[in-house]
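Structural features, examined
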Amino acid sequence: GGLSAYALEPFVLYDGFTALTIDDAKWLEAETVRQVKTGKLLLAHRTYGVIGSDTGQIFDNATLDFIDQSAVTAIRATVIVNKVDVAECLGTNPAVTRTRARLKGDFFNTGTATVGSAVNDVLASIAVEHRSSDAQGVLTVKAGLTLCQNSDCTTSITLPGTQTIDLGSVSVGAPVILWMRWDPANNRFQFRRDTGLWVTIPYTVSDAGAPGRLNKSLNISNVVDNCSVPGTVAFMEATFDNVFVNSSAVPLIPVQ
């Protein structure tokens, strides 16, 4: 046989993983953790912005979904954010980089849903959030209703006629109890933190349609600016514990 036209290249070390984090100059994905540790669910997720553009954002999630999502109408959990790392774009992208630990779900569709698509789904959530503009170690508890505009709800608007509610601040490392429930008989969602009063967000749109996307979960959500300058990042590590749901959503456990 003849000689190959191309000589085989030698092996060269690509990554010895000596850095503290996954190198975004070498890998497309960053760290994601989902495990039970010391009696709590641990979620951790890091996302980098796309380098080379000062427009747009990356929406990225680490999620644990409920087994019977259609049955869940109320969620409560104790959340502790252990670590956050948020750096905004140093270029000209005006968007805000943020990370948040959430209880969330698509509860109904305002029109005729397409199975598997979130378009016109109403997403309710209560979250512990840190933005690039926030003081170090300070988180904000926020609740609101979102109307999804595309199939994965990465484009959305606040549900018309409603507004996002600020439920105060909490420090990194401090526990906060988050509550949310859907009350369709009264066309409203209710939210609560710790032992405070329930706060209501009413809505006027039709809730007769089932959501196109079954998606009720515990979640870390990163929204990261794309940037012409490297270094835009959102990272959060949080634990979720003592998760409660409405009684009809608890799966029956067979008797052994």
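Relevant structure appears above.
We now turn to the structure provided with this report.

Reading guide: rules and limits
Residues numbered from 1 in each chain as written. Predicted model: local features only at pLDDT ≥ 70, side-chain atom pairs only at ≥ 80, totals over all residues. Heavy atoms only, no water. Pairing = 2+ DSSP bridges. Helix = DSSP H or I, 4+ residues; strand = E, 2+ residues; numbered from the N terminus. Axes fitted to C-alpha atoms, helices over the stretch in contact; angles between N-to-C directions. Buried < 20%, exposed > 50% of the residue type's maximum accessible area, 1.4 Å probe, protein only. Core = buried A, V, L, I, M, F, W, Y, C linked by side-chain atoms within 4.5 Å. Contact = heavy atoms within 4.5 Å.

1. Description of the sheet that holds strand β4 (residues 74–87)
Strand order in the open sheet made by the seven strands is β1-β2-β14-β4-β10-β11-β12, with antiparallel pairing throughout. Only two strands of the sheet have a single neighbouring strand rather than two, namely β1 (32–37) and β12 (199–202). Neighbour to neighbour, the strand axes of the sheet diverge by 25° on average, direction disregarded. Summarising the sheet, β1 and strand β2 (residues 40–48) pair through six bridges and their orientation is antiparallel. Pairing of Lys 37 across the sheet is with Lys 40, part of β2.

2. Here's the deal with unusual backbone geometry
Of note, the phi angle at Thr 38 is positive, near 50°, even though the residue is not glycine. Residue placement: Thr 38 occurs in the loop between β1 and β2. Taking the relative accessible area as the measure of exposure, Thr 38 reaches 71% and is therefore exposed. Located in the positive-phi region is Cys 153, a residue other than glycine, with phi close to 65°. Looking at where Cys 153 falls in the secondary structure, it is placed in the loop between β7 (138–148) and β8 (156–158). The buried category is assigned to Cys 153, whose relative accessible area is 13%.

3. Some points on the nonpolar core
Among the nonpolar cores identified, the biggest contains 40 residues, and Leu 103, Ile 126, Val 128, Leu 145, Phe 189, Phe 191 and Phe 240 are the most heavily contacted of them. Considering every element that reaches this core, the biggest residue donor is β7, with five residues. Beyond its immediate sequence surroundings of up to four residues, Phe 240 is in contact with Lys 40, Leu 41, Leu 43, Thr 78, Val 79, Ala 101, Arg 102, Leu 103, Leu 218 and Asn 219.

4. As for the environment of Ile 165
Following the sequence through the fold, Ile 165 ends up in strand β9 (residues 165–171). Setting aside its immediate chain neighbours within four residues, Ile 165 contacts Val 141, Lys 142, Ala 143, Val 199, Thr 200 and Ile 201.

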